[in-house]
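# Observations on the three-dimensional arrangement
Each chain is listed here by its residues.
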Amino acid sequence: MKLWMENIGRLVLLLLLQLLLINNLHFMGVCNPCIYILFLIALPANLPHWAELLVGALTGLLMDIACNSPGAHMSACIALSYVRPKLLHNLVPDDDRLIGTVNSLSIDKQAYVRLTILLTLLHHTILFVLYNLTFHAFWLTLVQIVVSSLLTILLILGREVLRK
């Protein structure tokens, strides 16, 4: 029960931070970090796959409703939730499997950094391709993906450094 309350609190806090602060910071239209994906990355590793997909869909739906985007966040969050268990299985050795939340204290730091980078790139690629939905602005979309991913990764890993 305590783990569920922690996760719900983390979701509320990250969504509020995303919606009230980060979504209002714009840097020439190319930088839009998505800190709320930390909630999906940090979900318990032993969560059933169907539940992880459902949580990802609901998280994306909340962001879509708040940002008035027709399914872009939901699609990106479902993709992240679909790939996450497979990446965890490939990046974390069997003897290091965990029960609680996924963070740099519960798994190898290098595995956590790789997991964060790969999931952030996947999420942002899907999100910005769906936002722009054109190949006329290919380079702008690519810059948005790279810059937003870098800032999101720095924010997530910075939080892990401060956590210790």
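We now turn to the structure provided with this report. Quick caveat, the model's predicted, so the values are computed rather than measured. (Residues numbered from 1 in each chain as written. Predicted model: local features only at pLDDT ≥ 70, side-chain atom pairs only at ≥ 80, totals over all residues. Heavy atoms only, no water.)

## Quick look at the overall build of the protein chain
What the protein chain contains, in helices and strands, is 6 helices and 0 strands. Along the protein chain, helices (α) and strands (β) appear in the sequence α-α-α-α-α-α when read from the amino end. Rg of the C-alpha trace for the protein chain: 15 Å, near the compact-globule value of 15 Å for 164 residues, within the 12% margin. In terms of overall dimensions, the protein chain has C-alpha extents of about 45 × 30 × 30 Å along its principal axes. A separation threshold of at least 6 residues defines the contact pool for the protein chain, and within that pool the share at least 24 residues apart is 71%. For the protein chain, the separation between the mean place of its 10 positive charges and that of its 8 negative charges on side chains is 4 Å. (Helix = DSSP H or I, 4+ residues; strand = E, 2+ residues; numbered from the N terminus. Rg over C-alpha atoms; globule rule 2.2 N^0.38 Å. Contact = heavy atoms within 4.5 Å. Lys, Arg positive; Asp, Glu negative; His and termini not counted. Charge placed at Lys NZ, Arg CZ, Asp CG, Glu CD.)

## What about the packing of helix α3 (residues 49-67) against helix α4 (residues 72-91)?
Packing of α3 against α4 brings their axes to within 7 Å, and their N-to-C directions diverge by 155°. The orientation of α3 relative to α4 falls into the category roughly antiparallel. Relative to α4, the crossing made by α3 is right-handed. Residue-level inspection shows H49, E52, L53, G56, A57, G60, L61, M63, D64 and C67 of α3 in contact with α4, the latter providing A72, H73, M74, C77, I78, S81, Y82, R84, P85 and K86. Taken together, the residues of the contact of α3 with α4 break down into 11 nonpolar, 5 polar and 4 charged. (Axes fitted to C-alpha atoms, helices over the stretch in contact; angles between N-to-C directions. Parallel < 35°, antiparallel > 145°, perpendicular 65-115°, else oblique. Left-handed = near helix turned anticlockwise from the far one by under 90°. Nonpolar A, V, L, I, M, F, W, Y, C, P; charged D, E, K, R; others polar.)

## Some words on the pattern of salt bridges
Summed over the entire model, instances satisfying the criterion amount to 2 salt bridges. For R84, the salt bridge identified is with E52, shortest N-O distance 2.7 Å. With R84 in helix α4 and E52 in helix α3, this residue pair connects regions lying 32 residues apart in the sequence. An identical accessibility class is assigned to R84 and E52; each is buried. Measuring nitrogen to oxygen at the nearest pair gives 2.9 Å for the salt bridge that ties E160 to R159. A relative accessible area of 3% places E160 in the buried class. Note on R159: relative accessible area 32%, which makes it partly exposed. (Salt bridge = Lys/Arg side-chain N within 4 Å of Asp/Glu carboxyl O. Buried < 20%, exposed > 50% of the residue type's maximum accessible area, 1.4 Å probe, protein only.)

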